[in-house]
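What the coordinates show
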Amino acid sequence: MRILLSNDDGYFAPGLERLAAALAPLADITVVAPERDRSGASNSLTLDRPLSVRRAANGFLFVNGTPTDCVHLAVTGLLDTLPDLVISGINLGANMGDDTIYSGTVAAATEGYLLGIPSIAMSLASKTAAHFETAAAVAVELYQRHRARTLGPRLVNVNVPDVPQSALKGFRVTRLGRRHKPRT
């Protein structure tokens, strides 16, 4: 299987590095991520200047654009073969409720989904980042589930508690909550 990894924290982010390291033994990994932190970039595309793609010392590709630009460029021309799965993350901080519309992590996964590729946005629900390895292990499990039975054309947003993996008690599927109260 081929997996495209991206994020909104930049190609140098520890969550992306841990995600790539966890998945590399299992699949053909390509990383295309922003050259700098683009948290909150939402689904924006860069239309006012040329984009460039460069390779970092660790082999990751980085783009002087948004998370959406990264996935769009990769899928529509940069990669020789389409990925079977897009995973964005591991984001530092949760992506929940109404705030997902602002998230660059969710936006990268959304772009994959809009281009017809099953996509997962992975976030570590934390401000301290003590257990990126737990979120990476969850990503591996989701990849294995997808490999056994494809997600199909889906976008999944996953928030992993910042606890040791042994403290996890399974998965819970929910709907997006609301942070903003509707006006009456």
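Residues numbered from 1 in each chain as written. Predicted model: local features only at pLDDT ≥ 70, side-chain atom pairs only at ≥ 80, totals over all residues. Heavy atoms only, no water.

**Some remarks on helix α3 (residues 104-114)**
Since the α-helix advances by 3.6 residues per turn, residues separated by three or four positions end up pointing in the same direction. What counts, and what does not: Whether a residue is buried, partly exposed or exposed follows from its accessible area with a 1.4 Å probe, protein chains only, as a fraction of its type maximum: under 20%, in between, or over 50%, in that order. Where helices and strands are cited, they refer to DSSP runs of H or I of at least four residues and of E of at least two residues respectively, numbered from the N terminus. Between N or O atoms, a polar contact is any pair within 3.5 Å; within protein, one atom must be a potential hydrogen donor and the other a potential acceptor, and residues adjacent in sequence are included only when both atoms are from side chains.
Of all eleven residues in α3, nine are buried; the element is thus mostly enclosed. Buried residues of α3: Gly104, Thr105, Val106, Ala107, Ala108, Ala109, Thr110, Glu111 and Gly112, and no others. With a side-chain oxygen positioned 3.1 Å from the backbone nitrogen of Thr105, the residue opening α3 is Ser103. After α3 finishes, the residue Gly116 shows a positive phi value of roughly 90°.

**Quick notes on helix α2 (residues 67-78)**
Definition in use: Note on definitions: a residue-residue contact is assigned when non-hydrogen atoms from the two residues lie within 4.5 Å.
Burial in α2 covers these residues: Pro67, Thr68, Asp69, Cys70, Val71, Ala74 and Val75. The inward-facing, buried residues of α2 abut β1 (2-6), β2 (28-34), β4 (61-63), β5 (85-92) and α3.

**What about unusual backbone geometry?**
In this model, Gly89 is joined to Ile90 through a cis peptide bond whose omega is -5°. Of note, Ile90 is situated in strand β5. Phi is positive for Ser42, which is not a glycine, with a value near 55°. Looking at where Ser42 falls in the secondary structure, it is placed in the loop between β2 and β3 (53-55). Relative accessible area serves as the criterion here: at 19%, Ser42 is assigned to the buried category.

**Description of the packing of helix α1 (residues 14-23) against helix α4 (residues 132-148)**
Geometry of a packed helix pair, given as the angle between the helix axes and the separation of the axes. Heads up, the condition is: The axes used here are C-alpha line fits, helices contributing only the stretch in contact, and every angle between their N-to-C directions lies in the interval 0 to 180 degrees. Any angle from 65 to 115 degrees is called roughly perpendicular, while one under 35 is roughly parallel, one over 145 is roughly antiparallel, and all others are oblique. Each crossing gets its hand from how the near helix is turned against the far one by less than a right angle, where anticlockwise is left-handed and clockwise is right-handed. Gly counts as polar in this scheme, as do all residues outside two lists: the nonpolar Ala, Val, Leu, Ile, Met, Phe, Trp, Tyr, Cys and Pro, and the charged Asp, Glu, Lys and Arg.
As a packed pair, α1 and α4 sit with axes 9 Å apart at the nearest point and diverge in direction by 45°. Relative to α4, the element α1 is oriented oblique. For the pair α1 and α4, the crossing hand works out as right-handed. Residues Pro14, Gly15, Arg18, Leu19, Ala22 and Leu23 of α1 form the contact with α4, whose own contacting residues are Phe132, Ala136, Ala139, Val140 and Tyr143. Split by residue class, the contact of α1 with α4 holds nine nonpolar, one polar and one charged.

**A short note on the pairing of β2**
Along any regular strand the residues' side chains alternate between the sheet's two faces. The condition that has to hold: For two strands to be treated as a pair, DSSP must find at least two bridges joining them. Here the term right-handed applies to a crossover when the path leading from its first strand over the helix to its second strand runs clockwise, the strands being oriented away from the viewer.
As defined by bridge partners, β1 adjoins β2 across four bridges and the pair is classed as parallel. From the neighbouring strand, Leu4 faces β2, where its bridge partner is Thr30. Crossover connection from β1 via α1 to parallel β2: handedness right-handed. Relative to β4, β2 runs parallel, the two being bridged by three bridges. Following the sheet pairing, Ala33 is matched in β4 by Phe62.

**Re the sheet that holds β2**
Pairing in this open sheet of seven strands is mixed, and the strands run β3-β4-β2-β1-β5-β6-β7 from one edge to the other. In the strand order of this sheet, the two ends are held by β3 and β7 (155-161), each with one partner. Direction aside, the axes of adjacent strands within the sheet are offset by 25° on average. Sheet analysis places strand β6 (residues 119-125) next to β7, joined by seven bridges and oriented parallel. The residue of β7 that forms the bridge with Ala121 is Asn157. Most of the contacts of α1 go to β5, to which it runs at about 140°, and overall it touches β1, β2 and β5.

Just distances and angles here, no functional claims.
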